[in-house]
Amino acid sequence: MFGVIRIIPEYGGLSVTTQFMSCVMRAVVVRARLRHQPGSVDRVPRARPRRSSPCVAVRCENTDTPTPAPKVHFLGIGGAGISALAIIALSNGYRVSGSDMRDSDVLEVVRKKGATCFVGHDVRNVSGVEEEDAGPGKAEDDTSEERNKDKDATRNINTTIPDAVVVSSAVPSNNVEVRWARQHGIPVFTRSQWLARTTKGKTVIAVAGTHGKTTTSAMLATTLLDLNLDISAVIGGRVAQFPDSANAVGGKNKIFVIEADEYDGAFLGLTPSTAVLLNCEMDHPDIFRGVDDVVQLFKQFVGKVGVGGSVIANGDDANVRLICENKSNVITFGVGKENEYRAVDLTPNEHGGTSFTVTHFDTVITQVSITQPGEYQVRNALAAYIAASVTLETSTDSSTNPDTSALITTSLETHLGVARRMQLIGSCNVGQNNITCHVYDDYAHHPTAVAAVIEAAKQKHEGAEIIVLFQPHTFFRVSLMLGEFTKALRLADTVIVTQVFDARPEKDLKSDGRREFGEDIVNAIGKEKGFFAHSFDEAVERAVSEGRRDDMSLAKESNPEKQVVVLCLGAGAGFDAAEKVFQELRNE
């Protein structure tokens, strides 16, 4: 009746018969429920739990029409982590759809790769039918008004029900699409669960740490690609050297570079062959009670490294040393003398970055000259150098070129960086005195990262006036780290602080009507150099005004080149202050 059934390898997991019957039964159950008239949720019995593996694609020898490949729906597809997983799913042959609260450049990249993306959350995104026919699941928080302008056309594209749903940690559990999927027996995966499935059977290189994960994993991935390894990679930011400047790339090699996120223990689903541990300190106070909790979680992560694997650890970091104590497979790196690999003789170079020498047990290995400023970037590059070397030593698909060190060095020196990581938006001349103003965009939202970026700007533009426009990220972080933020931001000459970006529900703190947390930072810094902006537009306007002040740079004898640097720092969704500031300055 069905002919000879063939399985598409990417979707393996269950036996052919089991998976095919699962597909048939699931289709019957879901369509029967869609015919059920809307009513109370209790009237529709919940589906029997299914196997977590999506149905496999099958085809019959006696037909020219293949059964469609499995479909995965991603909630929060505009986010860094989820969009990367969507791109990998597309490269593995899945059909992909997804939704997000707002449109963005990231959504456009994922669309270009072949995904169907919706703006706003609506049961139709997963049900494929009109709301009145969708059955239980529609809720008052439906955001259908924010959907794509051509709603009918977009809805017609999404005519099939997904085989699985993957949910960002930023998406609440009562989301209408999540509820509909669960009520209709569609398996729902967290980001970490789906990542674990995606990387199963792969040679995983996981880059972890409180800071530097995105830059280091991007450096490593682009280096391995430059060495002709057809790897896969999931990065937390858009990489200039990836196709379409995306944040992920899917290859046929078993090597898989992952930016391993500690939030919610997401990286514990990985089994790395190599783990890179850049640093460890307190962050995410909404889930961690203190730094000891963070250390314990990273210990679990390091413990996931497979037999024969390696841990590449920053020996300059006290918490990292604590995490890796009593482990025998650790390779240490840093600038300190006790490390196995060291970066020594650090000097600013003509590119505005840093040149340094790599040594191994005090033997000189290579000279590296990166374009990124800041000592933290030296450690990132050193970690990427070691991880690439270890990967090439163990990979059966690697080149036999004996001078791999030189090839790695060249790749690091030509690395083009990651979006929103000390990204130069543009430079222009402003004011009657022809002052040069440089506008940068950076994701920094932790006190340590904020301080590091300001110091890096000072290295790259010696003597320049530094203006910081900062958007605090989450009330918990600002409340806990007010003193650290104050100390970091005081490194700048002028500080403009916006209202806090409420990334996750934090009602207990947000409802505290006694104060605005962003204004607390300004009060602590002092009104002589701090300014609180009550709106995004006010913050941009003030940054432009400060950037045009002729007297600023001229008043400093240490600024002979008359430079002003505007750093726009923040991790909030849609934070495009740098673009707006630069456009205003340029259009003077």
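Residues numbered from 1 in each chain as written. Predicted model: local features only at pLDDT ≥ 70, side-chain atom pairs only at ≥ 80, totals over all residues. Heavy atoms only, no water.

## Notes on the packing of aromatic side chains
Enumeration according to the criterion identifies six aromatic pairs in this entry. Ring geometry for Phe-74 versus Trp-194: centroids 6.4 Å apart, planes at 85 degrees, classification edge-to-face. Of this pair, Phe-74 sits in strand 3 (residues 71-75) while Trp-194 sits in helix 7 (residues 191-198), and the two are 120 residues apart along the sequence. Look at Trp-194 and you get buried, because its relative accessible area is 3%. Their ring planes at 65 degrees and their centres at 5.2 Å tell us that Phe-189 and Trp-194 sit as a pair that is edge-to-face. With a relative accessible area of 6%, Phe-189 lands in the buried category. Members of the aromatic cluster, joined through ring pairs, are Phe-74, Tyr-94, Phe-189 and Trp-194. In this structure, Arg-542 is placed above the aromatic ring of Phe-531, and the distance from its NZ or CZ to the ring centre is 4.0 Å. (Phe/Tyr/Trp six-rings, centres within 6.5 Å; stacked < 30°, edge-to-face > 60°. Helix = DSSP H or I, 4+ residues; strand = E, 2+ residues; numbered from the N terminus. Buried < 20%, exposed > 50% of the residue type's maximum accessible area, 1.4 Å probe, protein only. Lys NZ or Arg CZ within 6 Å of the ring centre and 35° of its normal.)

## Notes on the nonpolar core
Residues Phe-74 and Leu-567 are the most contacted members of the largest nonpolar core, which totals 84 residues. What Phe-74 contacts, discounting residues up to four positions off in sequence, is Ile-82, Leu-85, Ala-86, Ala-89, Val-96, Ser-97, Gly-98, Ser-99, Val-166 and Trp-194. Counting 42 residues, the second-largest nonpolar core is a separate cluster that includes Ala-221, Phe-242, Leu-382 and Ala-387. (Core = buried A, V, L, I, M, F, W, Y, C linked by side-chain atoms within 4.5 Å. Contact = heavy atoms within 4.5 Å.)

## Observations regarding the packing of helix 2 (residues 80-91) against helix 7
The contact between helix 2 and helix 7 brings their axes to 11 Å, and the two run at 30 degrees. Relative to helix 7, helix 2 is oriented roughly parallel. Crossing of helix 2 against helix 7: the hand is left-handed. Between helix 2 and helix 7, the residues in contact are Gly-81, Ile-82, Leu-85 and Ile-88 and Arg-191, Trp-194, Leu-195 and Thr-198, respectively. Residues that form the contact of helix 2 with helix 7 fall into these classes: five nonpolar, two polar and one charged. (Axes fitted to C-alpha atoms, helices over the stretch in contact; angles between N-to-C directions. Parallel < 35°, antiparallel > 145°, perpendicular 65-115°, else oblique. Left-handed = near helix turned anticlockwise from the far one by under 90°. Nonpolar A, V, L, I, M, F, W, Y, C, P; charged D, E, K, R; others polar.)

## Concerning the side chain of His-446
Position of His-446 among the secondary structure elements: in the loop between strand 19 (435-442) and helix 13 (447-460). At 2.9 Å, the side chain of His-446 forms a polar contact with the backbone oxygen of Met-282. Those residues in contact with His-446 that lie beyond four places of it in its chain are His-211, Glu-281, Met-282, Asp-283, Met-481 and Phe-485. (Polar contact = N/O pair within 3.5 Å; in protein donor to acceptor, adjacent residues only side chain to side chain.)

## Brief notes about the sheet that holds strand 18 (residues 423-430)
Pairing in this open sheet of six strands is mixed, and the strands run 18-19-23-20-21-22 from one edge to the other. In this open sheet, the two strands that pair with only one neighbour each are strand 18 and strand 22 (530-532). Each neighbouring strand pair of the sheet contributes to a mean axis angle of 15 degrees, computed without reference to strand direction. Bridge count for strand 19 against strand 23 (residues 563-569) is seven bridges, and the pairing is parallel. Along strand 23, the bridge assignment pairs His-438 with Val-565. (Pairing = 2+ DSSP bridges.)

## Quick look at unusual backbone geometry
A positive phi angle is found at Ser-245, which is not glycine, with a value near 50 degrees. If you trace the backbone, Ser-245 turns up in the loop between strand 9 (232-234) and strand 10 (248-249). Given a relative accessible area of 28%, Ser-245 falls into the partly exposed group. Phi is positive for Asp-362, close to 70 degrees, though the residue is something other than glycine. With respect to the element layout, Asp-362 can be found in the loop between strand 16 (354-360) and strand 17 (363-370).

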